[in-house]
Amino acid sequence: MRHAVTRGRAAIVCEPKGAIVSTSAPPPSANDRVAASAVHATKWYGHGDTAVAALKDVSVSFDSGRFAAVMGASGSGKSTLMHCLAGLDRLTDGRIIIGGTDLSTLDDRALTLLRRDRIGFVFQAFNLVPTLTAKENIELPVALAGSKVDPAWFDEVVTMVDLRDRLAHRPSELSGGQQQRVAIARALASKPELIFADEPTGNLDSASGTTVLEFLRHAVDHMGQTIVMVTHDPAAASWADRAVFLSDGGIVGDIADPTAASVLERMQALDPRMAAGHERTRG
Amino acid sequence: MFRTTLANLSRRKLRLLATSLAVLLGVMFTAGTLVLTDSLSATFDSLFSDVYAHTSAVVRSNQKVNGDLRLAAAGPTRGTMPDDLVAQIAKAPGVRAVSGNVQGYTQIVKRNGKALGNPNQGPPTMGSSWSMQRTLSPYRLVAGHAPTSANEIVTDLSSAKDAGYRIGDQVPLLTPTGRITRTLVGLTKFGSAGAAGGSTMVQFTLPEAQRVLSKRGQLDEIWVGAKPGVTETQVVASIQALHLEHTEVLTGLAASQQAKKAATSFLSFFTVFLLVFAIIALLVGAFIIANTFSILVAQRTRELALLRAIGATTRQVLASVVTEAAVVGVIASTVGLALGYFVASMLQSILMKGSSLGSGTTLSVRTVVGSYAIGIGITVLSAVFPARRAARVPPVAAMRDSAVEDHSHGVARTIIGAVFLVIAAAALVGAATTKSAALVGLGAPAGLIGAVVFGPVLAQVMARITRVLVRRTGMPGHLGVENVLRNPRRTASTASALMIGATLVCAISVFASSAVASINKLVDTGFHGDVVVTSTGNGIPLADVARIETSPEVASIAAVRYGAAMIGGQGTLFSASDPAALSHLVDLKVESGDVAHLGPGDIAVSATLATAQHWAIGTKVPAAMLDGSHPTLTVRAIYRSRLVAQEVFGSPETFKGSLVVPSAMIAFVAAKPGVSGSALAASLDKVVRNNPTAKVQTNAQYKRSAASQMDSFLKIVYAMLLLAVIIAFIGIVNTLGLSILERVRELGLLRAVGMTRSQLRVTVRIEALLIALTGTVIGLVLGTAIGSALIKSFGPNQALTGFAIPWGRLVTVLVAGVVVGLAASLLPARRAARLDPLDALASE
């Protein structure tokens, strides 16, 4: 089943306690292989006494052409990390760098254009605009930029996600799995530097989920895409080249070529709560 | 359950504010109209009780012209009596005092040379005799003394003040017999108030009034005071026993009741006119309310389903939504009533300027009950359908994921709408081809109902057309169009509000522009003279006509006088002028016979009247004039153009028994060869300079002033319809705002994948624009069709023979629709653009 090719080690080595030392410290522009990185990323919610730290001084980089999974229980900060990396949310302190651009220097419009032109998104649910057909949804970011999708590329993407006969349908006429495939096609259509997938299989049955993960894997292996996927599912994480573990706003683990078993084992070893949390959500 | 309802209301304050506003404005208009007419009617009541307060009996001529006339509002036109009746009546048993009176037109010329008041557009400007019987007159002196000689007058206090005169001043006056100057010797007040309802009153001695008002030896009314101990009925009987010819006698009470009735019937016309606009506003409001509630219910589907799941019955859910509507209705009606009362009292103080009459604003039980009934009724009725839908929400809907999307518009609804539209089209085409205006009365409402019911389909068509047009403008526009299409029913009912307004504006505009075109056509093809003389007062005194006639530049003149007589047993408006001169200067579109050679006792009649009465050339027609004469008239010609000639035309000699006022309403003048129209106008201007109400215009100027009069009428109507447009505007804002709340997650997604704020604003703007345009375009088409059918239905025998589509105005309506749409999108667009994508994505 698994198409993964064994790849080089991830660029980051972390110590079990969660104190992260980046081997390829910024400036990230020095490293062409880094698609995105967080540098001493800190995010607080609320003010004063009620303030809660969602991210505590996190530094992490994601290499180009790789499929990384960010794992953690709910409240671990994995979604906040992804939102900040994707330019959907701002850090309280630290920096996010996407392909050499420091996001903290961008205003709302520039951030929006960055998301549109350089980042692809696959959300857990409610991925598509209900009034647009599948084809229009796929073309959405490119159309918003006022340009057209390269027809050859569009063909390749649509063939890959196997949606050719579904293009004229509206989201309400598609199954959940098909909707997620449209979302993947949309994320790929603009040839972004980086795709963020937020629990892309969270709402799907296991067969559809597997198909979605196959497509993501395929996009990395054969289209040279970079994907960062947030998940709490060890099975989903096993499709990635690397799994980064978050807990309480800090990185607590980082393993290469994860398998479902190694991920679960790591989760239990690092944080019994996380594994327990996983059991709960699965149950 | 009630507590849940209240909690809902307080949580949705902002959304319901807009709904309340729609009800509030409608109720305000209704309440204002009722309060104003009640107050005015109370004013008239006190006014007319004052007129005959001290009079036991009123004697007047029984010669009158009744019927469906322009003058009907002021009561029938009545003849006069010889003034020697006073002496006879004075001898009747039980009579203590007798006062003979005449009344007519007199207008004060202000210090600045302009005439005071305008009897054609406002309260009357009157002149009358000063009654020497102090106990019988409603007027009392407050300064100076009564007029004792022909040179002396008294006026009401506020008129003297407004015109800038004091006791001792020389006051120029315009009267039916020409301009005169008299000395002001006294100031009067009417009854308990300053002046009678804003009218102006100049009083002369009786002989002078009879001379000036051209009623020598004649009286309009004789007031009788009874001796102590003699009742009104007794004194009436005693006068009736005299068997005076051509008179009727009635008690003072009956006379004041009749006067009240005539005034009230005029007032009820005014009330109906205002209420029509109030109803339009409420109707438009009803769409907005219904729409808001259906959106709120759709959004609360899960909440309502949850209520059902935990055991609320269908009835309870229904009651909950209806109660919510009722609370909105109560609040909005209360505020609307208060505002309506306030606006009415302000209007009243403007209308009643210079009079202490009716200083109190009347708030009747009818107004209060009516306002609440309408406000609450409309709100609850509008909410019932959405409420029923809400009550039918199955409990399992609570578990479903997204908001209800409703693309359907129902086959039955489509068919019913189409049937109405077909009926409307058939009726309107029928009206135009068969010349039956009644069919417009069927076609217009059928068209409006059809457009509302068929609206979703029309909205879809509009959106599909627009989709093709905006395809090139990119994704934001495309999304806007798709949003309109996602719920055509909602789009249509939001647009309906604007549609009703646009329909009315366009229909009225087409009608008005055709009326102007008719006048233009008439002047161009029918006026063979060079100059038209008219008056903003009571016409051009014949003395002035004579001076025009003798001016060196004048080749010929036809001065047209109007009056009313019973002709063929029916109250009829007639015109009188020199037949040869008129047929030379005005083309009456004669069908048969000869107008130029009408002799005494000969008449020409309109084709409409001839057809209705089955008259032909040679028919002998019995007539009754105001002076009691009963001539037999002979039909000698039949004409089609009624604008100048009215229903019946003849020489002044023919109608002398009914031509009371020695003034012409309009005079057509031809210049001598070599004299241009404008040169003639300039020279005639000098001739009539002493009459500030006279208007000397070339044919071109006359056309322009007719058009501008129409414009001022249109402005009033547009101002009234503005309220409907404001409510429609609120409706679009409301619908867009609610739709945006409904789509928060989708907007978050769009922002996440790269839609900029300005692109999002464009999307909302396009949606608003499309809703507004849907309403405006349907209204344009429907209104133009209704207006055109109405004009075409009148046929060639009517005054309205012209037909003109006011393209400029229609384009203005379209532009106004665009502006309304864009303006309505401002707030919702800002709100949508401000959404934080992450919060939006996370929202439920």
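Residues numbered from 1 in each chain as written. Chains lettered and ligands numbered in written order. Predicted model: local features only at pLDDT ≥ 70, side-chain atom pairs only at ≥ 80, totals over all residues.

> So what exactly am I meant to see when it comes to the overall build of chain A here?
Looking only at helices and strands, one finds 9 helices and 12 strands in chain A. Split into buried and exposed, the 283 residues of chain A put 52% on the buried side. Restricting the contact set of chain A to residue pairs at least 6 apart, pairs at least 24 apart contribute 69%. (Helix = DSSP H or I, 4+ residues; strand = E, 2+ residues; numbered from the N terminus. Buried ≥ 20, exposed ≤ 12 C-beta atoms within 10 Å, placed from the backbone. Contact = placed C-beta atoms within 7 Å.)

> It is not clear to me how the overall build of chain B should be interpreted in this structure. Could you clarify?
Regarding its fold elements, chain B presents 25 helices and 28 strands. Overall, chain B is about 95 × 70 × 50 Å in size when its C-alpha atoms are taken along their principal axes. The buried share among the 844 residues of chain B stands at 52%. At a minimum sequence separation of 6, the contacts of chain B that also span at least 24 residues come to 84%.

> I tried to follow the nonpolar core on my own but got confused; where do I start?
One broad trend across soluble globular proteins is that nonpolar side chains are buried collectively. Formed by 342 residues in total, the largest nonpolar core has its most connected members in Val70(A), Leu216(A), Ala281(B), Val533(B), Ala667(B), Val669(B) and Ile727(B). The greatest single-element share of this core, amounting to 20 residues, is contributed by helix H23 (residues 757-794) of chain B. Once you skip the residues sitting within four places of it in the chain, Leu216(A) turns out to touch Phe67(A), Ile184(A), Ala197(A), Ile227(A), Met229(A) and Trp239(A). (Core = buried A, V, L, I, M, F, W, Y, C linked by C-beta atoms within 7 Å.)

> Would you take a moment to explain the sheet that holds strand S5 (residues 67-71) of chain A for this structure?
Remark on secondary structure: sheet strands pair via backbone hydrogen bonds, oriented parallel or antiparallel. All names here are of chain A. Ordered in space as S8-S9-S10-S5-S11-S12, the 6 strands form an open sheet in which the pairing is mixed. Because the sheet does not close on itself, it has two edges, and the strands there are strand S8 (119-122) and strand S12 (250-256). Adjacent strand axes in the sheet meet at a mean angle of 20°, parallel and antiparallel pairs treated alike. In this sheet, strand S9 (residues 194-198) lies alongside S8 in parallel orientation, the contact comprising 4 bridges. Its bridge partner lying in S9, Phe121 is registered against Phe196. (Pairing = 2+ DSSP bridges. Axes fitted to C-alpha atoms, helices over the stretch in contact; angles between N-to-C directions.)

> Before we go on, may I ask you to explain the interface of chain A and chain B in this structure?
How large an interface is tends to be reported as the accessible area lost when its parts come together. Taken together, the contact between chain A and chain B spans 22 residues of the former and 21 residues of the latter. Listing elements by their share of the side of chain A that touches chain B, those giving two or more residues are helix H2 (108-118) and helix H3 (134-144) of chain A. Counting residues per element, the side of chain A that touches chain B draws most heavily on H2(A), which supplies 7 residues. Across the side of chain A that touches chain B, the residue classes tally to 11 nonpolar, 5 polar and 6 charged. (Nonpolar A, V, L, I, M, F, W, Y, C, P; charged D, E, K, R; others polar.)

> Please explain the environment of Leu347(B) as it appears in this structure.
Residue and element names in this part refer to chain B. Note that Leu347 resides in helix H9 (residues 314-351). The exposure class assigned to Leu347 is partly exposed, which follows from the 17 C-beta atoms found within 10 Å. Along the backbone, Leu347 and Gly32 are 315 residues apart, and their C-alpha atoms lie at a distance of 9.2 Å.

> How do you make sense of the sheet that holds strand S5 (residues 95-101) of chain B when you look at a structure like this?
All names here are of chain B. The strand order across the open sheet formed by 4 strands is S5-S15-S1-S16, and the pairing between neighbours is antiparallel. This sheet does not close on itself; its edge strands, each paired only once, are S5 and strand S16 (247-251). Adjacent strand axes in the sheet meet at a mean angle of 20°, parallel and antiparallel pairs treated alike. Here strand S1 (residues 57-61) runs beside S16; their pairing, made up of 5 bridges, is antiparallel. Among the inter-strand pairings, Ser61 is bridged to a residue of S16, identified as Thr247.

> How should I be thinking about the packing of helix H11 (residues 411-434) of chain B against helix H12 (residues 437-453) of chain B in this particular structure?
When two helices pack together, their arrangement is given by the angle between the helix axes and by the axis-to-axis distance. Residue and element names in this part refer to chain B. Running from N to C, H11 and H12 point in directions that differ by 155°, and their axes come no closer than 7 Å. On the basis of their axis angle, the class for H11 and H12 is roughly antiparallel. For the crossing formed where H11 meets H12, the hand is left-handed. Across the interface between the two elements, Arg413, Ile416, Gly417, Phe420, Leu421, Ile423, Ala424, Ala427, Leu428, Gly430 and Ala431 of H11 pack against Ala437, Leu439, Val440, Leu442, Gly443, Ala446, Gly447, Ile449, Gly450 and Val453 of H12. For the contact of H11 with H12, the per-class residue count stands at 15 nonpolar, 5 polar and 1 charged. (Parallel < 35°, antiparallel > 145°, perpendicular 65-115°, else oblique. Left-handed = near helix turned anticlockwise from the far one by under 90°.)

> Even after reading the chapter, I still don't get the packing of helix H14 (residues 475-486) of chain B against H23(B), so can you show me in this structure?
Residue and element names in this part refer to chain B. At a minimum axis separation of 7 Å, H14 and H23 run at an interaxial angle of 45°. In terms of orientation, H14 and H23 fall into the oblique class. Handedness of the H14/H23 crossing: right-handed. Contact residues: Pro476, Gly477, Leu479, Gly480, Val481, Asn483 and Val484 in H14; Gln759, Val762, Thr763, Val764, Ile766, Glu767, Leu770 and Ile771 in H23.

> Just to check I follow, could you spell out the domain arrangement of chain B for this structure?
Residue and element names in this part refer to chain B. You can read the domains of chain B as domain 1 (57-251), domain 2 (421-526 + 703-844) and domain 3 (537-692). Averaged C-alpha coordinates put domain 1 and domain 3 at centres separated by 29 Å. With 24 residues of domain 1 at the contact, the number on the domain 3 side is 21 residues. Mapped onto the side of domain 1 that touches domain 3, the elements with two or more residues apiece are strand S3 (77-78) and strand S12 (178-190). Partitioning the side of domain 1 that touches domain 3 into residue classes produces 9 nonpolar, 11 polar and 4 charged. (Domains from an automatic or database assignment.)

> Teacher, can you tell me more about the pairing of strand S15 (residues 221-226) of chain B here?
Looking along a regular strand, one sees the side chains alternate between the two faces of the sheet. All names here are of chain B. Across the 6 residues of S15, 6 count as buried, placing the element largely inside the fold. Alternating positions in S15 separate into two faces, Glu221, Trp223 and Gly225 on one and Ile222, Val224 and Ala226 on the other, with burial throughout. Looking at chain direction, S1 and S15 are connected through 4 bridges and run antiparallel. Each residue of the ladder has a partner; that of Val59, found in S15, is Ile222. Here S5 pairs with S15 via 6 bridges, running antiparallel. Note on S15: the bridge partner recorded for Val95 is Ala226.

> Would you explain the confidence of the model for chain A in this entry?
Do not read the fine detail of predicted coordinates wherever pLDDT is low. Averaged over all residues, the pLDDT of chain A equals 81, while 84% of them reach at least 70. Confidence drops under pLDDT 50 across residues 1-31 of chain A; counting only partners more than four residues distant or on other chains, this segment forms 50 contacts. (pLDDT = per-residue confidence, 0-100.)

> Help me understand helix H1 (residues 78-85) of chain A in this model?
Counting along an α-helix, one turn takes 3.6 residues, and residues three or four places apart therefore face a common direction. Residues and elements named next belong to chain A. Most of H1 sits out of view: 8 of its 8 residues are buried. What H1 keeps buried is the set Lys78, Ser79, Thr80, Leu81, Met82, His83, Cys84 and Leu85. Remark: Gly87 follows H1 within two positions and exhibits a positive phi of approximately 75°.

> Got a minute to help me understand the pairing of strand S4 (residues 52-63) of chain A in this structure?
Residues and elements named next belong to chain A. Here 8 bridges tie strand S3 (residues 34-45) to S4, and the two strands are oriented antiparallel to one another. Pairing of Ala41 across the sheet is with Val58, part of S4. What sits between the antiparallel neighbours S3 and S4 is a turn of 6 residues, in which Gly46 has the positive phi angle 80°.

> Would you mind showing me how to read helix H15 (residues 488-526) of chain B here?
By the largest-angle criterion, Ser496(B) marks the main kink of H15(B), which is about 35°. Within H15(B), 30 of the 39 residues are buried, which leaves the element mostly enclosed by the surrounding structure. (Bend = angle between axes of the 7 residues up to and from the residue.)

> Could you clarify how one ought to interpret unusual backbone geometry in this entry?
Here the phi dihedral of Lys191(A) falls at roughly 45°; this positive angle occurs in a residue that is not glycine. Inspection of the secondary structure assignment puts Lys191(A) in the loop between helix H5 (176-189) and S9. Located in the positive-phi region is Lys589(B), a residue other than glycine, with phi close to 55°. By the secondary structure assignment, Lys589(B) is in the loop between helix H17 (579-585) and strand S21 (590-593).

> Explanation requested: the environment of Ile184(A) in the structure shown.
Residues and elements named next belong to chain A. By secondary structure assignment, the location of Ile184 is in helix H5. Between the C-alpha atom of Ile184 and that of Phe67, which follows or precedes it by 117 residues, the distance is 14 Å. If we skip the residues at most four places from it in the chain, Ile184 touches Val122, Val161, Val212, Phe215 and Leu216.

> Honestly, the confidence of the model for chain B in this entry has me stumped. Any pointers?
Residue and element names in this part refer to chain B. Taken over all residues, the pLDDT of chain B has a mean of 85, while the share at 70 or more is 92%. Low pLDDT (under 50) marks residues 68-74, which in the prediction has 11 contacts with non-local residues, meaning those over four places away or in another chain. Ignoring residues within four places in sequence, the model shows residues 401-405, a span with pLDDT below 50, making 7 contacts including any to other chains.

> Looking at this model, I keep getting lost on the environment of Val384(B). Mind explaining?
All names here are of chain B. Of note, Val384 is situated in helix H10 (residues 365-391). The class for Val384 is partly exposed, based on 16 C-beta atoms found within 10 Å. With 248 residues separating them in the primary sequence, Val384 and Leu136 have C-alpha atoms 61 Å apart.

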